[in-house]
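Report on the structure
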Amino acid sequence: MIVIAVLVAVSAVLVWRRDGINGVLEILTHDLTLFGGILPRVLAGCLLGAFIAEILPHEKVSRSLGPKSGLKGLLIGTAFGAILPGGPFTAYPVASALLAVGADFGATIAIVVSWTLIGYGRAVAWELPIMGTDFTLWRLVISLPLPVLAGALGRFVYVRMYPRGAEP
Amino acid sequence: MNAALIIDIILWASVAAAGFIALRRGRTVLTMSVREGTMDFINIVPRIALGVIGSGYIAAVIPQEVITGWLGPDSGWRGVLAATIAGAATPGGPVIGFSIGAVALKSGGGAPQVIAYVIAWALFAFQRLLLWEIPFMPSRFVWFRAAVSLPFPFLAAAIAMAIGRP
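In what follows, the accompanying structure is described.

About the thresholds
Residues numbered from 1 in each chain as written. Chains lettered and ligands numbered in written order. Predicted model: local features only at pLDDT ≥ 70, side-chain atom pairs only at ≥ 80, totals over all residues. Heavy atoms only, no water. Helix = DSSP H or I, 4+ residues; strand = E, 2+ residues; numbered from the N terminus. Rg over C-alpha atoms; globule rule 2.2 N^0.38 Å. Buried < 20%, exposed > 50% of the residue type's maximum accessible area, 1.4 Å probe, protein only. Axes fitted to C-alpha atoms, helices over the stretch in contact; angles between N-to-C directions. Parallel < 35°, antiparallel > 145°, perpendicular 65-115°, else oblique. Contact = heavy atoms within 4.5 Å. Nonpolar A, V, L, I, M, F, W, Y, C, P; charged D, E, K, R; others polar. Phe/Tyr/Trp six-rings, centres within 6.5 Å; stacked < 30°, edge-to-face > 60°. Buried area = accessible area lost by both parts, 1.4 Å probe. Salt bridge = Lys/Arg side-chain N within 4 Å of Asp/Glu carboxyl O. Polar contact = N/O pair within 3.5 Å; in protein donor to acceptor, adjacent residues only side chain to side chain. Arc of directions from axis to C-beta. Core = buried A, V, L, I, M, F, W, Y, C linked by side-chain atoms within 4.5 Å.

**Examining the overall build of chain A**
- Scanning chain A from N- to C-terminus turns up eight helices and zero strands.
- When its helices and strands are written in sequence order, chain A yields α-α-α-α-α-α-α-α.
- The C-alpha atoms of chain A give 19 Å as radius of gyration, which overshoots the globular expectation for 168 residues (15 Å, by more than 25%).
- Here the C-alpha coordinates of chain A stretch approximately 60 × 40 × 30 Å along the principal axes.
- When each of the 168 residues of chain A is scored for burial, the buried share is 51%.

As structure tokens, then:
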């Protein structure tokens, strides 16, 4: 939090020295518009996270995404991350909610990595138009195995770092 | 219809569906989770305000040419390493990340390096990590996940080199 604040302040001063007050204001209005657009989605993400934490039966979550869920849990996490709607404002609250109700680090890593790498939202909205279809599809195919591998590696490291199963 | 609108519709439809399920569990379940979600929202808004309103300044002082330069035609593993660092250092949203990737691809950057760049950026762009992931998730998890993700831009580049461009 403080790191970001300092980083932002320093950057703003640099912009001001380079482009004057107009440069600073131009970026501010642009970012304020962006912020206004994002706010409702953040609210949606928080609500979705809270609902999911409330309605998903905990024992089911820990069975299908918990430490003993095996490869199946990582695959479920990957599939879930890939179909998760929305941007970071949904993915992180939902992943956090699942972590809280019994998913382990490995499965949650699979969810988050799958969302960033093969989630359709970003690929359709940004990557396809900017990078082109060929590159996007090629990149997606290469990315397919990565969430499961990352989740497996996460589990492998986690049980060695916290052999007594410390709470996440 | 644009993609952002479709995503918004899917997002709110999911919220409504989950809310409906909560309502069927009982009124208190619904009000409790709405209250919880709203509290999360209120707690997170200031951090996001700082990040989103500030990110324009950070992006403005890191010139894109610097990052594109790192991705240059210099291929091989050094290029992959540079691309991975560049991906992590790229500020701003998806437009900036993918645009830099597209420019690098057009100006002669190797495909495995651009793959590594896009994947590194997706996995641990520092700004998204600080601005989105840390506020919402336990920071212990975030650092753990980032550390575990480290090998994957290299693995993706290796796969890209092995299978070649279609």
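**Things to note about the overall build of chain B**
- In terms of regular secondary structure, chain B is built from nine helices and zero strands.
- Counting from the amino terminus, chain B carries its helices and strands in the arrangement α-α-α-α-α-α-α-α-α.
- For 166 residues, the compact-globule estimate of 2.2 N^0.38 gives 15 Å, and chain B exceeds it by more than 25% at 20 Å.
- Principal-axis analysis of the C-alpha atoms gives chain B an extent of 60 × 40 × 35 Å.
- Relative to its 166 residues, chain B shows a buried fraction of 48%.

**Quick look at the packing of helix H4 (residues 88-100) of chain A against helix H5 (residues 105-118) of chain A**
Residue and element names in this part refer to chain A.
- Packing of H4 against H5 leaves a shortest axis separation of 10 Å and a crossing angle of 170°. Here H5 runs roughly antiparallel to H4, going by the angle between their axes. Facing H4, whose interface residues are Pro-88, Ala-91, Tyr-92, Ala-95, Leu-98 and Leu-99, H5 presents Phe-105, Thr-108, Ile-111, Val-112, Trp-115 and Thr-116.
- Broken down by class, the residue content of the contact of H4 with H5 amounts to 10 nonpolar, two polar and no charged.

**Concerning the packing of aromatic side chains**
- Inspection of every chain in the model, using the stated rule, returns nine aromatic pairs over all chains.
- Each ring, one from Phe-89 of chain A and one from Trp-132 of chain B, has its centre 6.1 Å from the other, and the planes form 70°; the classification is edge-to-face. Of this pair, Phe-89 of chain A sits in helix H4 while Trp-132 of chain B sits in helix H7 (residues 126-136), placing the two residues on different chains.
- By relative accessible area, Phe-89 of chain A is classed as buried at 8%.
- Take Trp-132 of chain B: its relative accessible area is 8%, and that puts it in the buried class.
- With a centroid separation of 4.7 Å and 45° between ring planes, the pair formed by Phe-105 of chain A and Tyr-158 of chain A is classed as tilted. Of this pair, Phe-105 of chain A sits in helix H5 while Tyr-158 of chain A sits in helix H8 (residues 146-161), and the two are 53 residues apart along the sequence.
- A connected cluster of aromatic rings, assembled from ring pairs, spans Phe-105 and Tyr-158 of chain A together with Phe-141 and Phe-144 of chain B.

**Some details on the interface of chain A and chain B**
- In this assembly, 74 residues from chain A lie in contact with 78 residues from chain B.
- Buried area between chain A and chain B, both sides added, is near 6900 Å², and the carbon and sulfur share of it is 84%.
- At the junction of chain A with chain B, the criterion picks out one salt bridge.
- Of the charged contacts, one joins Arg-41 of chain A and Asp-8 of chain B as a salt bridge, the two residues approaching to 2.7 Å between their closest N and O atoms.
- Where chain A packs against chain B, one counts five residue pairs in polar contact (both at pLDDT 80 or more).
- At 30 residues, the largest contribution of residues to the side of chain A that touches chain B is made by helix H1 (residues 2-55) of chain A.
- Split by residue class, the side of chain A that touches chain B holds 56 nonpolar, nine polar and nine charged.

**Some thoughts on helix H7 (residues 133-143) of chain A**
- Among the residues of H7 of chain A, those classed as buried are Phe-135, Thr-136, Trp-138, Arg-139, Ile-142 and Ser-143 of chain A. Mapping the buried residues of H7 of chain A onto a view down its axis gives an arc of 165°, with all of them on the same face. Among the exposed residues of H7 of chain A, those pointing more than 90 degrees away from its buried face are Asp-134 and Val-141 of chain A.
- Looking at the buried residues of H7 of chain A, the elements they touch are H5, helix H6 (120-131) and H8 of chain A together with helix H5 (94-106), helix H6 (111-124) and helix H9 (152-163) of chain B.

**Some details on the nonpolar core**
- Counting 86 residues, the largest nonpolar core has Val-42 of chain A together with Trp-132, Phe-136 and Met-137 of chain B as its most contacted members.
- Leave out the neighbours within four places in its chain, and Val-42 of chain A touches Phe-89 of chain A together with Phe-41, Ile-44, Ile-48, Trp-132 and Phe-136 of chain B.
- Grouped together as the second largest cluster of nonpolar side chains are eight residues, Val-8 and Ile-27 of chain A together with Tyr-57 and Ile-58 of chain B included.

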